[in-house]
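Here is what each chain is made of, one letter per residue.
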Amino acid sequence: TDVGVFRSVDGGVTNLPFIDGLPKGLVVTDLKYSGTLNKLTAGSYARGAWQVSLDPVSPILIFDSIVQPLVEIDGDGDGSVEPGETFEVVPKLKNAGGLSALGVQARLFTATPGVTVLQPSSRSFGDLTGGAVGAAVTPYRFVVDPGFNCGGTIVFDLVNLSSTNAPGTYNDLDDAFR
């Protein structure tokens, strides 16, 4: 930015100044990151270049997307989620950190009245290296009650996120997708 470099260690939720030897208030016009060397190089306006070695960032699990289209299990066959129908959905998670998250697991949850996640146990997303995206190995299935308001919004959360390596547990991803 025109006031220095900022860094996020939570997948972009928050950004904090990253000084580490960089003069305060410096206009930074270019950044280059070398993952193989773990070095960040900043080009500045009228003050030259700056380089720093970075420690890899711990795994950060964030919602990425869902596999499209949803699979209609029981319904009228038009592919639209409607009252009285059952669907399968496969969410994808991204590791926005630099270190691997091994044996990633998560559970799908909804508090939307009239929608029930069937067999809400955790699903495996496999191992996610830094920057990698992984889909749930087994789809989640949900049913929409016949009395649900047609056109209503269904909000899904991904909860109980975990991995077999540190940090082991992650923040729930509330309102992950609709």
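Residues numbered from 1 in each chain as written. Predicted model: local features only at pLDDT ≥ 70, side-chain atom pairs only at ≥ 80, totals over all residues. Heavy atoms only, no water.

1. Here's the deal with the environment of aspartate 30
- Mapped onto the secondary structure, aspartate 30 falls in strand S3 (residues 28–34).
- Along the primary structure aspartate 30 and proline 146 are separated by 116 residues, whereas in three dimensions their C-alpha atoms are 55 Å apart.
- Apart from residues no more than four positions distant in its own chain, aspartate 30 is found in contact with Thr41, Ala42 and Gly43. (Helix = DSSP H or I, 4+ residues; strand = E, 2+ residues; numbered from the N terminus. Contact = heavy atoms within 4.5 Å.)

2. Thoughts on the side chain of threonine 86
- Mapped onto the secondary structure, threonine 86 falls in strand S8 (residues 86–89).
- The buried category is assigned to threonine 86, whose relative accessible area is 11%.
- If we ignore the near neighbours within four places in the chain, the residues touching threonine 86 are Val71, Glu72, Ile73, Asp74, Leu118, Arg141, Phe142 and Val143. (Buried < 20%, exposed > 50% of the residue type's maximum accessible area, 1.4 Å probe, protein only.)

3. Considering the nonpolar core
- If you look at the biggest cluster of nonpolar residues, it comprises 27 residues, and the most contacted ones within it are Leu93, Leu108, Tyr140, Phe142, Phe156, Leu158 and Leu161.
- Of all the secondary-structure elements, those providing two or more residues to this core are strand S6 (61–66), S8, strand S10 (101–109), strand S11 (115–118), strand S12 (123–128), strand S14 (140–144), strand S15 (156–162) and strand S16 (173–177).
- Per-element accounting of this core gives the leading share, four residues, to S10.
- In contact with phenylalanine 156, other than residues within four places in its own chain, are Leu108, Phe109, Thr110, Val115, Val117, Phe142, Asp175, Ala176 and Phe177. (Core = buried A, V, L, I, M, F, W, Y, C linked by side-chain atoms within 4.5 Å.)

4. As for the layout of surface pockets
- As a volume, the largest pocket reaches approximately 440 Å³.
- Lining the largest pocket are 20 residues, with Arg7, Ser8, Tyr33, Leu54 and Val57 positioned closest to its centre.
- For the lining of the largest pocket, the secondary structure elements donating two or more residues are strand S1 (6–7) and S3.
- When its residues are assigned to classes, the lining of the largest pocket shows eleven nonpolar, seven polar and two charged.
- Estimated volume of the second largest pocket: approximately 270 Å³.
- Taken together, 14 residues line the second largest pocket, and the ones lying closest to its centre are Asp10, Ile60, Leu61, Ile62 and Asn171. (1 Å grid on protein atoms, 1.4 Å probe; cavity = no way out; pocket = protein on both sides within 12 Å on 5 of 7 lines; lining within 4 Å. Points joined across faces, edges and corners; volume = space filled by probe spheres on them. Nonpolar A, V, L, I, M, F, W, Y, C, P; charged D, E, K, R; others polar.)

5. Notes on the pairing of strand S9 (residues 91–95)
- Side chains of S9 alternate between two faces, with Pro91, Leu93 and Asn95 buried and Lys92 and Lys94 left unburied.
- Of the strand pairs in this sheet, S6 and S9 are connected by five bridges, and their pairing is antiparallel. Counted as the bridge partner of isoleucine 66 is proline 91 from S9.
- With three bridges joining them, S9 and strand S13 (residues 133–135) adopt antiparallel strand pairing. Note that in S13 the partner of lysine 94 across the bridge is valine 133. (Pairing = 2+ DSSP bridges.)

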